[in-house]
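Here is what each chain is made of, one letter per residue.
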Amino acid sequence: MERRTFLQYAAASGLGILSSGCFFKSASSNGTAGNTPLFIPGNSGKLGVLDMSDAPITLNTRAVTLPLIQGKPSPFLIYETQYGGKTFQNPIIRVRRGAQLKARLQNGLKEPTIIHWHGLHVPGVMDGHPRLTIAPGAYYDYEFTVANRGGTYWYHTHAHNLTAKQAYFGLASFFIVEDEDELALRAAMQLEFGVTDLPLVIQDKQFDAAGALVYGSDPMQQMMGQLGDTILVNLTPQPQLNVAPRLYRFRILNGSNSRIYRLAFLRQNKMLPYAIIGTDAGLLDRPYSAQEVFLAPAERVDILFDASGLAAGDEVSLKSLAFNAMDNEMMSGMGGMGRGGMMNGMGRSSLALGAEFEIMKLVVAGKGATALPLPSRLSTIARIDTRGAIVRQIDLSTEGMRWLINGRSFNMDEYPIESRGNTTELWDIQNAQRSMPHPMHMHGFSFQVVSRRNSPEQIRKLAQDSDGRTITDLGWKDTILVWPGETVRIAIDFTHAYKGDQTYVFHCHNLEHEDQGMMVNHRVTAA
Ligand code: C2O
Ligand code: CU
Ligand code: CU
């Protein structure tokens, strides 16, 4: 191909050579640069921590221009609010368990939208089901009791067919619930939110040469999921965090559309141990020592990283380690494009799913504090009693360019799954052998992992028990990654106190998969 034509083709297809800016950045994003100070949420402004009182909040959805890459303006979408005399964009909402949340979503976009409170146990009408999507200029009022355990939840757009694009452009933030266990941990470990207790949202994005966010629209990207080659933490590219030689807590949210991370802290290429203390829906029973953890889109992991043994000037890399994305089987069945072809090229990011890269650099500076012993107990995980539970089979498969749940694509008017209120169920979520990993998410109810069967080697080696469960499977979850060929059994208690039948959705949190229809209505009947 003549050079000029190739470049035109590359630009038109978003191949990532001209249009993505990755050509200029990849040297450092795969390397060690890391020199933008990590953005740390304050108590106002962007990602500011907003302590909710009884006063209602209005979240105005707006399209803005925000500099993300070296001061270059990019289109972005935000939830903006005035609260307690301060202005916030995409506030980190923080509430006490049991609080009454009153929020108005005001749609200032030129397209429909709705808010979903990810992981929260709320009635169906408060859940942001896509059928509740509101028109431009309209508003939606939420009011519910925050019943969940203390934990790191989040909220994001769930606009029908527009979730992936709107979330990619910014409509998401944290929702932190505090309870007794949470406060006890913070006191015991002398953690200070915003200083040594940091929320980290990891996202991969694609930028054009002018530094503007671009969202892929080619069919392959839509089928496999959007991948970007620039990794942002708290919207900071190539972030660096200066840490004192002491203990830190990171509450990590994978806010990416489709990228899975395998998180590890490395010092001079040696993996450092850390403690996993919490999962999607709050603290584990105790800290678990780990060196790596998989984090799929929408999952959260709560980590204690101890820098107290390090000296000033030491550097540690938070990385995503290489893993097998397990697309081999599928690729061969999809027109012989080959593994590299589909995952790396065709308008996709230069950073393949499963590639290794640095996420954030930690540099030790300043004085330390005496290392405190980790608490031996963090919380209580009461196991769901599954005696008499019905077993439901959930099959994940593919047909043509679509991903299906029990052979179906989303239909707003169909209710393929109906659960009885106040009963427990076991779901066997089974991914096809020729598939890709799917992070499956249930609205309205946290669940527990009972077992993993047929797991790939990279998961099997992380198993903590004979049921194949990994550390993060031992806590409360709302999103679970199911690898090709794998069957994950989860237990759910559908007890609720809401009037009448409740409508939720169950879907893949690879947001491109979701928008394409890898989602089903899930009705939970009145008790
Ligand atoms: Cu965070 Cu229906 O999703
Ligand atoms: Cu959700
Ligand atoms: Cu999926």
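Values in this document were obtained by computation on a predicted structure and should not be read as measured data.

Colleague: Could you clarify how one ought to interpret the layout of surface pockets in this entry?
Modeller: One water molecule sets the probe size; rolling that probe over the atoms shows where empty space is left. Put simply, the largest pocket is a space of about 340 Å³. In this structure, the largest pocket is lined by Arg-97, His-121, Ala-147, Asn-148, Arg-149, Tyr-153, Gly-444, Phe-445, Ser-446, Trp-476, Asp-493 and Thr-495. Of the residues that constitute the lining of the largest pocket, the class distribution is 4 nonpolar, 5 polar and 3 charged. Residues lining the lining of the largest pocket come from more than one domain, with at least three contributed by each of domain 2 (41-179) and domain 3 (390-525). The space that makes up the second largest pocket amounts to roughly 270 Å³. Along its surface, the second largest pocket is lined by 21 residues, and Val-293, Phe-294, Leu-462, Thr-470 and Ile-471 are the ones closest to its centre.

Colleague: So what exactly am I meant to see when it comes to the sheet that holds strand 9 (residues 115-118) here?
Modeller: To summarise the sheet geometry, strands pair through backbone hydrogen bonds and adopt either a parallel or an antiparallel arrangement. Read across the open sheet, the 5 strands follow the order 3-7-12-11-9; overall the sheet is mixed. Each having just a single partner strand, strand 3 (49-51) and strand 9 make up the two edges of the open sheet. On average, adjacent strands in this sheet sit at an angle of 25° to one another, irrespective of strand direction. As paired elements, strand 11 (residues 151-157) and strand 12 (residues 172-178) share 6 bridges and run antiparallel to each other. The partner of Thr-152 across the bridge, within strand 12, is Ile-176.

Colleague: Would you explain the sheet that holds strand 2 (residues 45-46) in this entry?
Modeller: Within the open sheet, the 6 strands sit side by side as 2-6-5-4-8-10. Their pairing is mixed. Single-partner strands in this sheet number two, and they are strand 2 and strand 10 (139-145). One ladder, built from 9 bridges, connects strand 4 (residues 57-69) with strand 5 (residues 72-83); its direction is antiparallel. Bridge assignment links Val-64 to a residue of strand 5, and that residue is Phe-76.

Colleague: What am I meant to see in the packing of aromatic side chains here?
Modeller: Given two aromatic rings, one states the distance between the centres and the angle between the planes to describe the pair. Within this structure, the stated rule accounts for 20 aromatic pairs. A centroid spacing of 5.6 Å and a plane angle of 80° characterise the contact between Phe-445 and Tyr-504, whose relative ring orientation is edge-to-face. Here Tyr-504 lies in strand 34 (residues 502-508) and Phe-445 lies in the loop between strand 30 (438-442) and strand 31 (447-453), a separation of 59 residues in the sequence. With respect to class, Phe-445 is no different from Tyr-504; both count as buried.

Colleague: Is there a simple way to think about the coordination of the copper ion (ligand 3) in this case?
Modeller: Each pair of donors in an ideal four-coordinate tetrahedral metal site encloses 109.5 degrees, whereas pairs in an ideal six-coordinate octahedral site enclose 90 or 180 degrees. At 2.0 to 2.1 Å from the copper ion (ligand 3) lie its protein donor atoms, namely His-438 (ND1), Cys-508 (SG) and His-513 (ND1). Classification of Cys-508 by relative accessible area gives buried; the value is 0%.

Scoring rules and cut-offs
- Residues numbered from 1 in each chain as written.
- Chains lettered and ligands numbered in written order.
- Predicted model: local features only at pLDDT ≥ 70, side-chain atom pairs only at ≥ 80, totals over all residues.
- Heavy atoms only, no water.
- 1 Å grid on protein atoms, 1.4 Å probe; cavity = no way out; pocket = protein on both sides within 12 Å on 5 of 7 lines; lining within 4 Å.
- Points joined across faces, edges and corners; volume = space filled by probe spheres on them.
- Nonpolar A, V, L, I, M, F, W, Y, C, P; charged D, E, K, R; others polar.
- Domains from an automatic or database assignment.
- Pairing = 2+ DSSP bridges.
- Helix = DSSP H or I, 4+ residues; strand = E, 2+ residues; numbered from the N terminus.
- Axes fitted to C-alpha atoms, helices over the stretch in contact; angles between N-to-C directions.
- Phe/Tyr/Trp six-rings, centres within 6.5 Å; stacked < 30°, edge-to-face > 60°.
- Buried < 20%, exposed > 50% of the residue type's maximum accessible area, 1.4 Å probe, protein only.
- Donors = N, O, S within 2.8 Å, 3.2 Å for Na, K, Ca; no water.

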